[in-house]
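Single-letter residue listing:
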Amino acid sequence: MATIVSSIGLRGMEGYPVQVEVQLIPSVSGVSIVGLPDASVKEAKVRVMSALFANNCHIPQKVVINLSPAEQRKNSPIFDLAIAIGVMRAANFIRYPIPSDAAFLGLLSLDGTIKPVEGMLPAILAAKKEGFKILYLPLMENFPLRQIQGLELRFVRSLNEVVQSLSGQLSYLSFKQDSSSKTSQQTETSYDKDFKHILGHEKAKRALEIAAAGGHNILMSGPPGCGKSLLAETFPSIFPPLTQDAQFEVMSIYQLAGISNESFHLAPFRNPHHSSSAVSLIGGGSYPKPGEISLSHHGVLFLDEMAEFPKRTLDMLRQPIETGKVTISRAASTVTYPAQFLLLGAMNPCPCGYLGSRYFYCTCTPKQISSYTNRVSGPIQDRMDVILSLEAVSIDKESIKYNESSEQIRKRVENARIRQYDRYSNERLNANVASEFLLKGSNLDSNQQKMVHQWQAKYNWSTRVQMKVLRIARTISDLNGDEQITNEALWEAMTMRRSIIGKNKTVVAK
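Note that the structure is a prediction, hence the values are computed from the model and not measured. (Residues numbered from 1 in each chain as written. Predicted model: local features only at pLDDT ≥ 70, side-chain atom pairs only at ≥ 80, totals over all residues. Heavy atoms only, no water.)

I would appreciate a short explanation of the overall build of the chain in the present structure.
Looking only at helices and strands, the chain features 19 helices and 19 strands. Judged by the C-alpha coordinates and their principal axes, the chain covers about 85 × 45 × 45 Å. Long-range pairs, those at least 24 residues apart, make up 74% of the contacts in the chain between residues at least 6 apart in sequence. Within the chain, one finds 56 positive and 46 negative side-chain charges whose respective centroids are separated by 5 Å. (Helix = DSSP H or I, 4+ residues; strand = E, 2+ residues; numbered from the N terminus. Contact = heavy atoms within 4.5 Å. Lys, Arg positive; Asp, Glu negative; His and termini not counted. Charge placed at Lys NZ, Arg CZ, Asp CG, Glu CD.)

Sorry, what's going on with the packing of helix α18 (residues 463-480) against helix α19 (residues 487-495) here?
How two helices sit against one another is set out by the angle between their axes and by the gap between those axes. Where α18 contacts α19, the axes come no closer than 8 Å and their chain directions differ by 130°. Looking at the two axes, α18 sits oblique to α19. Seen along the crossing, α18 lies across α19 with a hand that is right-handed. Residues V469, L470, I472, A473, I476 and S477 of α18 form the contact with α19, whose participating residues are A489, L490, E492, A493 and M494. (Axes fitted to C-alpha atoms, helices over the stretch in contact; angles between N-to-C directions. Parallel < 35°, antiparallel > 145°, perpendicular 65-115°, else oblique. Left-handed = near helix turned anticlockwise from the far one by under 90°.)

Would you take a moment to explain helix α4 (residues 120-129) for this structure?
Each turn of an α-helix holds 3.6 residues, which means side chains three or four residues apart point in the same direction. Taking burial as the measure, the 10 residues of α4 include seven buried ones, the bulk of the element. Among all positions in α4, only M120, L121, P122, A123, I124, A126 and A127 are buried. Of the surrounding elements, those touching the buried residues of α4 are β1 (3-11), β2 (14-25), β8 (134-138), β9 (152-156) and α8 (244-257). Trailing α4 by a residue or two, G131 shows a phi angle of about 90°, which is positive. (Buried < 20%, exposed > 50% of the residue type's maximum accessible area, 1.4 Å probe, protein only.)

Whenever I open this one, the packing of aromatic side chains confuses me. Can you help?
Centre-to-centre distance and the angle between the planes together describe a pair of aromatic rings. By the definition in use, this model includes eight aromatic pairs. Relative to F302, the ring of F269 lies with its centre 6.1 Å away and its plane at 25°, an arrangement referred to as stacked. With F269 in strand β11 (residues 269-270) and F302 in strand β14 (residues 300-303), this residue pair connects regions lying 33 residues apart in the sequence. Using a relative accessible area of 26% as the deciding quantity, one classes F269 as partly exposed. Residue classification places F302 among the buried positions, given a relative accessible area of 0%. Residues Y459 and W461 carry aromatic rings whose centres are separated by 6.2 Å and whose planes lie at 20° to one another, so their mutual orientation is stacked. Given the relative accessible area of 21%, Y459 is considered partly exposed. Residue class for W461 comes out buried when judged on its relative accessible area of 6%. Among the aromatic side chains, those forming a connected cluster through ring pairs are W455, Y459, W461 and W491. Sitting over the face of the ring of Y424, R423 holds its NZ or CZ atom 5.2 Å from the ring centroid. (Phe/Tyr/Trp six-rings, centres within 6.5 Å; stacked < 30°, edge-to-face > 60°. Lys NZ or Arg CZ within 6 Å of the ring centre and 35° of its normal.)

What is the right way to look at empty space enclosed by the protein in this model?
Evaluation of the coordinates by the stated rule reveals one cavity of 30 Å³ or more. Considering only enclosed or pocket space, the largest cavity measures out at about 50 Å³ in volume. Forming the walls of the largest cavity are I8, G9, L10, Y16, R73, K74, N75, S76, I78, F79 and E118. The dominant element in the lining of the largest cavity, judged by the number of residues it contributes, is β1, at three residues. In terms of residue class, the lining of the largest cavity is built from five nonpolar, three polar and three charged. (1 Å grid on protein atoms, 1.4 Å probe; cavity = no way out; pocket = protein on both sides within 12 Å on 5 of 7 lines; lining within 4 Å. Points joined across faces, edges and corners; volume = space filled by probe spheres on them. Nonpolar A, V, L, I, M, F, W, Y, C, P; charged D, E, K, R; others polar.)

I keep staring at the packing of helix α3 (residues 80-90) against helix α5 (residues 159-166) and nothing clicks. Help me out?
Put simply, α3 and α5 touch, their axes get as near as 11 Å, and they point 55° apart. Between α3 and α5, the angle falls in the class oblique. Viewed along their axes, α3 and α5 form a crossing whose handedness is right-handed. Judged by residue contacts, L81, A84, I85 and M88 of α3 engage L159, V162, V163 and L166 from α5. Of the residues assigned to the contact of α3 with α5, the class counts are eight nonpolar, no polar and no charged.

Sorry, what's going on with the side chain of R471 here?
Among the structural elements, R471 can be located in helix α18. Polar side-chain contacts of R471 include one of 2.8 Å to the backbone oxygen of V433. Each residue touching R471, except ones within four places of it in the same chain, is listed here: H216, N430, A431, N432, V433, A434, S435 and L438. (Polar contact = N/O pair within 3.5 Å; in protein donor to acceptor, adjacent residues only side chain to side chain.)

Whenever I open this one, the nonpolar core confuses me. Can you help?
Soluble, globular proteins show a tendency: their nonpolar side chains are buried together. Core analysis: the largest hydrophobic core is formed by 145 residues, its most contacted members being I65, I85, F104, F235, L317 and L344. Contact partners of F104, with chain neighbours within four places excluded, come to V5, S6, S7, I78, L81, A82, I85, I98, Y136, V162 and L166. (Core = buried A, V, L, I, M, F, W, Y, C linked by side-chain atoms within 4.5 Å.)

In this structure, what is going on with the side chain of Q448? I would like to understand it.
By secondary structure assignment, the location of Q448 is in helix α17 (residues 446-459). Take Q448: its relative accessible area is 3%, and that puts it in the buried class. Once residues lying within four places of it in the same chain are set aside, the contact partners of Q448 are N443, I485, T486, N487 and L490.

These figures capture arrangement, not role.
Encoded structure:
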């Protein structure tokens, strides 16, 4: 009779239960693994048998291991521990039954030491979702989770500790978290830059506040040195800390990508160079990994010098911006990663950078300007909620005395987001909530509808742009604490969509 031990497999960020079936056959000794294993799983037989030999467990028989479901490709050494426990139970080295509600995760060293692998956090969350009650996993320093309601986490250092635990010889107290470990709630929020140190740009700061509150995309255009990059780098300082569910999602993505992120409680801020490839931005590879759009999930993706990015690469952002996720299909596998990010773009208005400047003369021809601005295609511009034109600020006329700090702005943003969470009964923002939920409690009166129709006719707004105006107006009303969309909020929202980059530049933020 085959011995069955449970584990968790990963397909992107989606976890699924895997049953490790072990059968010993009286024959020439050897190990066979079936169930669509990749190279890292096939190598498990060497690691597992070496670890068992180090723990005085000798298997003179043929070992057949089946990873079920057999039609799903297995591509991680996370099954090592489950395989080892299955073999030891089948060989009667473990005399106690394996709990059916227990799962085993971890990579084995040749001496039996248990080590973590990439993707431990999504595997743990998947184990809870699948209804497991006990989870054996390697002890990891600085791991954000030590206890989950409804799932007992048993942290173990070696194969011998697992055997002692199953036999009842090892106290569960050794699995508890050190009380001195910090949690995400105990970690203080700190930022390198603050809005109070930025001179002028009051309208730009207001636009960024609205964008942070509702998750709206922004495209900034202005001459060199006017402050686009500084505003963008300071932008994360007005984001409230991530909720616990958002933290788990962000940490899961970073673990799958193999990237360390100590500030997991803060909204991610990614700033890829314009020479980045489409794969690094969107994600992919022979074995798909998350790209920059997924690494900025629940945060900001800042594309500086946006017009310098390849047009084809920018157009690949269109679907993730709309759906909040990206699906990567390869011959080996098809995975889906979340990509609910705020896109913040910055670019010059023309090749020389001085179109519309009050202080410099633009030397570009209309054809050069059109060619330059067309690098950011119409569909991408159509997906930007706010199009903002900037000008240089005269510092001798500005003072930081009356500047609001990022903390003051962040409190308003946090309150506005709480209103949205309460309205939609979910952690959804005005920028990405479904249209029917947005319109349900935000109907426009006849005068407001007429106002929107007039602006739509004047600026040839698409249906998407009109909905974005309503979403921005809803966010402004949330910042002001209004239950319905006010005329002032609607007017302010419409002025943020008045211009198109390179054409009719009428909105200037100072």
